[in-house]
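Given next are the chains, with one letter for each unit.
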Amino acid sequence: MGKVDQNKQQKLEKLLESAQALFLSKGIADTSISEITSRAGVAKGTFYLYFKDKYSIRDHLISRSAKSLFISAHTALQHETQITDFEDKIIFITDHIVKELEKNRPLLRFVSKNLSWGLFRQLIDSNITDEGMTGQEIFDKVASECSVSLKDPEIMIFMIIELVNAATYSAIIGNGPVSLARLLPYLNDAIRAIIRNHME
């Protein structure tokens, strides 16, 4: 990477760090592009080289955060060689993500409030590993390793994401109706039921 490319990448990272800090502390509605660029130490025009508006940088940040959570969970799963059942692998991944979100409540607020199927679709379709695999390819690989055939896997993933997102937000941020520790076994049973409903 040349010096010009490095400079561009550094400016992009500064914008992303600035926007994330402001979105987490103030919220998107109360954050202006001027505040983002001022905090990042870049000209306002630089912002528009990368993003259309503050909602496009928000979408980028959510997608990046979701990818990071997914990659972390998948990497951790690779070290759990005793987990061979497909359901157990999906439960491991969702548990890992829930625990990470529990440790980072501002991130949970940010992602949960703004996650949409369109953004999750980007996560599934975009390259997220050095090997160039997409999120969908990783999911398909896990299913293939377990010799599992699924009907409408996209619907299954959507339902699991929506369930985990809503239940986790309610238990961690909303403090109810029960604690996360008490909720998790029920959540996992519901995820297993969704998976079984999509097994061929």
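You'll find the structure just up there.
Just so you know, these numbers come straight off a predicted model, no measurement behind them. (Residues numbered from 1 in each chain as written. Predicted model: local features only at pLDDT ≥ 70, side-chain atom pairs only at ≥ 80, totals over all residues. Heavy atoms only, no water.)

*Asks:* I'd like a description of the overall build of the chain, backed by residues and values.
*Replies:* Helix and strand counts for the chain come out as 10 helices and zero strands. When the helices and strands of the chain are read in sequence order from the N terminus, they spell out α-α-α-α-α-α-α-α-α-α. Evaluated residue by residue, the chain yields a buried proportion of 46% over its 200 residues. Pairs at least 24 apart in sequence give 66% of the contacts found in the chain among residues at least 6 apart. (Helix = DSSP H or I, 4+ residues; strand = E, 2+ residues; numbered from the N terminus. Buried < 20%, exposed > 50% of the residue type's maximum accessible area, 1.4 Å probe, protein only. Contact = heavy atoms within 4.5 Å.)

*Asks:* Explain the packing of aromatic side chains to me, using residue names and the numbers behind them.
*Replies:* The description of an aromatic ring pair rests on the distance of the ring centres and on the angle between the ring planes. Enumeration according to the criterion identifies three aromatic pairs in this entry. Each ring, one from Phe-47 and one from Phe-51, has its centre 5.7 Å from the other, and the planes form 45°; the classification is tilted. Side by side, Phe-47 and Phe-51 carry an identical accessibility label, which is buried. By the ring-pair criterion, three or more aromatic residues cluster together here, those being Phe-47, Tyr-48, Tyr-50 and Phe-51. (Phe/Tyr/Trp six-rings, centres within 6.5 Å; stacked < 30°, edge-to-face > 60°.)

*Asks:* How would you sum up the nonpolar core? Please name residues and give values.
*Replies:* Residues Phe-23, Ile-57, Phe-86, Phe-110, Met-156, Ile-160 and Ile-191 are the most contacted members of the largest nonpolar core, which totals 54 residues. Among the elements of the structure, helix 1 (3-26), helix 2 (33-40), helix 4 (54-78), helix 5 (86-103), helix 6 (105-114), helix 8 (135-145), helix 9 (153-172) and helix 10 (180-197) are those that each provide at least two residues to this core. Looking at which element gives the most residues to this core, the answer is helix 5, with eight residues. Discounting chain neighbours no more than four positions away, the residues touching Ile-57 are Leu-15, Leu-16, Ala-19, Phe-23, Phe-47 and Phe-51. (Core = buried A, V, L, I, M, F, W, Y, C linked by side-chain atoms within 4.5 Å.)

*Asks:* Outline the side chain of His-198, listing residues and values.
*Replies:* As for its placement among the helices and strands, His-198 is situated in the segment after helix 10. The buried category is assigned to His-198, whose relative accessible area is 7%. Beyond its immediate stretch of four places on either side in the chain, His-198 contacts Ser-149, Leu-150, Lys-151, Asp-152, Ile-155, Met-156 and Met-159.

These figures come from the coordinates and say nothing about function on their own.
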